[in-house]
Amino acid sequence: SMNYVLVIWLASASQYTVYQKFPSMEACLEKQRTVVAGLTQAGSKMQTECRGRKPGDVFKSNDVVVTRYVLR
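Thresholds, definitions, all that
- Residues numbered from 1 in each chain as written.
- Predicted model: local features only at pLDDT ≥ 70, side-chain atom pairs only at ≥ 80, totals over all residues.
- Heavy atoms only, no water.
- Helix = DSSP H or I, 4+ residues; strand = E, 2+ residues; numbered from the N terminus.
- Buried < 20%, exposed > 50% of the residue type's maximum accessible area, 1.4 Å probe, protein only.
- Contact = heavy atoms within 4.5 Å.
- Pairing = 2+ DSSP bridges.
- Axes fitted to C-alpha atoms, helices over the stretch in contact; angles between N-to-C directions.
- Salt bridge = Lys/Arg side-chain N within 4 Å of Asp/Glu carboxyl O.

J.: Is there a simple way to explain the overall build of the protein in this structure?
T.: Within the protein, the regular secondary structure consists of 1 helix and 3 strands. Listing every helix and strand of the protein by position from the N terminus yields β-β-α-β. Looking at the protein as a whole, 31% of its 72 residues are labelled buried. Of all intrachain contacts in the protein linking residues separated by at least 6 positions in sequence, the fraction that spans at least 24 positions is 56%.

Shown next, in the form of structure tokens:
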């Protein structure tokens, strides 16, 4: 079955961090709304996107780039 990931980036969509993994696109989009609301409130220019996780996709081990913001 396909997994979906919520990714976050600042300058380039290819330089992204995987924020969280989801079993469905709907669950990902629901979380994305929460995250976008938090980023907007914080005045952040970060971008987010839900993507299908492909075989071979690597989860980056670096910390999520939104450490200054509490995202729930």
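Next, the rest of the story.
J.: Can you walk me through the sheet that holds strand β1 (residues 4–9) in this structure?
T.: Across a sheet, paired strands are connected by hydrogen bonds in the backbone, their directions being either parallel or antiparallel. Spatial ordering of the open sheet is given by β2-β1-β3, a layout of 3 strands whose pairing is antiparallel. The open sheet has two edge strands, β2 (17–22) and β3 (47–52), and neither has a second partner. Each strand of the sheet is rotated relative to its neighbour by a mean of 25°, with strand direction disregarded. Alignment of β1 against β3, held across 6 bridges, turns out to be antiparallel. By the bridge assignment, Val7 is partnered in β3 with Glu49. In this fold helix α1 (residues 25–41) packs onto β1, β2 and β3, with an angle of close to 175° to the strand it touches most, β3.

J.: Is there a simple way to explain the pairing of β1 in this structure?
T.: Look at any regular strand and the pattern is simple: side chains alternate between the two faces of the sheet. Among the 6 residues in β1, 6 count as buried, and that is most of the element. Neither face of β1 is left uncovered, since the one carrying Tyr4, Leu6 and Ile8 and the one carrying Val5, Val7 and Trp9 both have all their residues buried. Sheet topology places β1 next to β2; 5 bridges connect them, and they run antiparallel. Looking at β2, one finds that Ile8 is bridged to Thr17.

J.: I tried to follow the pattern of salt bridges on my own but got confused; where do I start?
T.: Charged atoms that come close allow side chains of opposite charge to pair. Scanning the entire structure with this criterion turns up 1 salt bridge. Across the pair Arg51 and Glu49 runs a salt bridge, and its minimum N-O distance is 2.9 Å.

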